[in-house]
Each structure stands twice: as C-alpha cells, then as structure tokens.
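# Overview (structure and organization)
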Amino acid sequence: MGTPDVYDVVVTSRPKLSMAERKRRLVSDELTESALQLLALKGYDAVTIDEIVAAAGVSRRTFFRYFASKEDVVVQFLADMGTDIRAELAARPAGERPSVALLHAVGVPLAACSDDSERALSVVQLILRTPALLARFLERQAQWRGDLTEELASRTGLDPEAELYPRLAAGMALTAFDTVLQRWSGSDGAEDPAELLDRAFVVITPALDAAEVR
C-alpha cells in the first residue's frame, strides 16, 4: 500500500461525497497536484496555465471551471489543509486534553509532509518563498484560527466572546505549526517536522491545558 502524499491529507475525515462530487474532487486534485509540482519545480512566475493543463491532461476550459488563476490552486490546497485540521480536532475524543487534541489536529498536514517529504518540502518552500502565496497562506491561517477557536469553545464549554482561552489556544497551536514549517523549510528538510512539532508542543502544553483558567 502506498503512502499518502501531501495533496491527499486525511481524506477519510471529510464527509462522504456523491459520485458527481467525487468526480469533481478527483479532477480538482489532479489539477492541484500537477500545478503544485510544476510551480515548485520551475517557480511561480515561470509556469503557465497551458503547462498545467497539459500536465494534468485537461483543457484550459476545465481548468477555469475549477480555478480562476494559478494562485487559486494554491489557495484551494491551503483551504483543504485547514479543513483537515479542523476535522481532526472535531473528531478527537471529548475528554482528551486540549494539548493532545491540538497536537493531533495540526499534526495531520505535517504527517503528510513526513510521508512524502521531497514533494511536500518543495511545495512548502514555494509557498513560504513566494510573497503573493505567503500572503494568502497567512490569510488562510487567520481563517483556521477562527475555525479552531469555534471547535475549542465547543470542546471546553467556554464562550469565545467572553473568554480568552479558545482564541489564544488556537493561536498558540497554529503558531507552533507555522514555526515548524519555517524551521523545516529553512533546513531544506534536514529536520523531522513531526519531531519539531512535538518539541514545540512541549513548550506550549502547560498553557493549552489550562482550560479552566478564566
């Protein structure tokens, strides 16, 4: 059995899809994979839409049915990553400590990075080193923070409008995630992202598990 790649993170955590939706997902995934491979190999500015559709074996019309631009391919990839993080947090056992639940949640995309490190590293470096893509990545992280805040509020019973904990905890987990990506990317993959995440959570676990603090 092959290992999952960075473009196919925890698909089992997503809702079941109809046949038509599954077909759309397959086409979207194929376009995303082809685009990200080319962008990472040649650089964001050097790749054309024609090259992407040729690599994916589809028409320009099909591409624009799914994406408005090259940038939107990466944005969708990031959106899927955020969906998987939230889904994993929602699926964790109700009585689990927040630090453990959040470690597993943000660890989902990092596990995919470990499973397919060469390809994943090229995509992460593409995003972090391309100003336009980095800006969209930070924009998406702000949305992830809101999503994780909602999930943590539900898990802890704390009102995110009245209590500081849910938003702070979500922010700490995502800061750890971002720090690990930066460190892993900067080391050109020499360090293990899963090990880095464990080390990061050692630092923030005491605060994450202080959910009773008002």
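Residues numbered from 1 in each chain as written. Predicted model: local features only at pLDDT ≥ 70, side-chain atom pairs only at ≥ 80, totals over all residues. Heavy atoms only, no water.

Turning our eyes to something else, we now look at the pattern of salt bridges. For the structure shown, the criterion picks out 13 salt bridges. Its salt-bridge partner being Asp209, residue Arg97 comes within 2.8 Å of it at the nearest N-O pair. Of this pair, Arg97 sits in the loop between α4 (70–91) and α5 (98–115) while Asp209 is found in the segment after α9 (193–208), placing the two residues 112 residues apart along the sequence. Since its relative accessible area comes to 47%, Arg97 is described here as partly exposed. (Salt bridge = Lys/Arg side-chain N within 4 Å of Asp/Glu carboxyl O. Helix = DSSP H or I, 4+ residues; strand = E, 2+ residues; numbered from the N terminus. Buried < 20%, exposed > 50% of the residue type's maximum accessible area, 1.4 Å probe, protein only.)

Attention shifts here to the nonpolar core. Of all hydrophobic cores here, the largest spans 55 residues; its most connected members are Phe63, Leu102, Val106, Phe137, Trp144, Phe177 and Phe201. Of all the elements in the fold, those that place two or more residues in this core are α1 (19–42), α2 (49–56), α4, α5, α6 (117–129), α7 (131–156), α8 (165–186) and α9. Counting residues per element, this core draws most heavily on α8, which supplies 10 residues. (Core = buried A, V, L, I, M, F, W, Y, C linked by side-chain atoms within 4.5 Å.)

Moving on to α1. A rise of 1.5 Å per residue sets the reference length of α1, with its 24 residues, at 34 Å; its end C-alpha atoms lie 35 Å apart and thus fit the reference within 8%. Buried within α1 we find Ser28, Leu31, Thr32, Ser34, Ala35, Leu36, Leu38 and Leu39. The secondary structure elements touched by the buried residues of α1 are α2, α3 (60–66), α4 and α6. Among the residues trailing α1, Gly43 stands out with phi positive, at a value near 100°. (Expected span 1.5 Å × (residues − 1). Contact = heavy atoms within 4.5 Å.)

Now for the packing of aromatic side chains. Here the structure, examined in full by the defined rule, presents 4 aromatic pairs. Considering the side-chain rings of Phe63 and Phe67, the 5.7 Å spacing of their centres and the 50° angle between planes classify their relative orientation as tilted. Given the relative accessible area of 0%, Phe63 is considered buried. For Phe67, a relative accessible area of 4% corresponds to the buried category. Here Phe137 and Trp144 contribute two aromatic rings whose centre-to-centre distance is 6.0 Å and whose plane-to-plane angle is 75°, an arrangement assigned as edge-to-face. The class of Trp144 is buried, set by a relative accessible area of 4%. Through pairs of rings, three or more aromatic residues link up here, namely Phe63, Phe64 and Phe67. A cation over an aromatic ring shows up here: Lys70 above the ring of Tyr44, its NZ or CZ 4.5 Å from the ring centre. (Phe/Tyr/Trp six-rings, centres within 6.5 Å; stacked < 30°, edge-to-face > 60°. Lys NZ or Arg CZ within 6 Å of the ring centre and 35° of its normal.)

Note that every value here comes from positions in space, so none of it alone points to a role or purpose.
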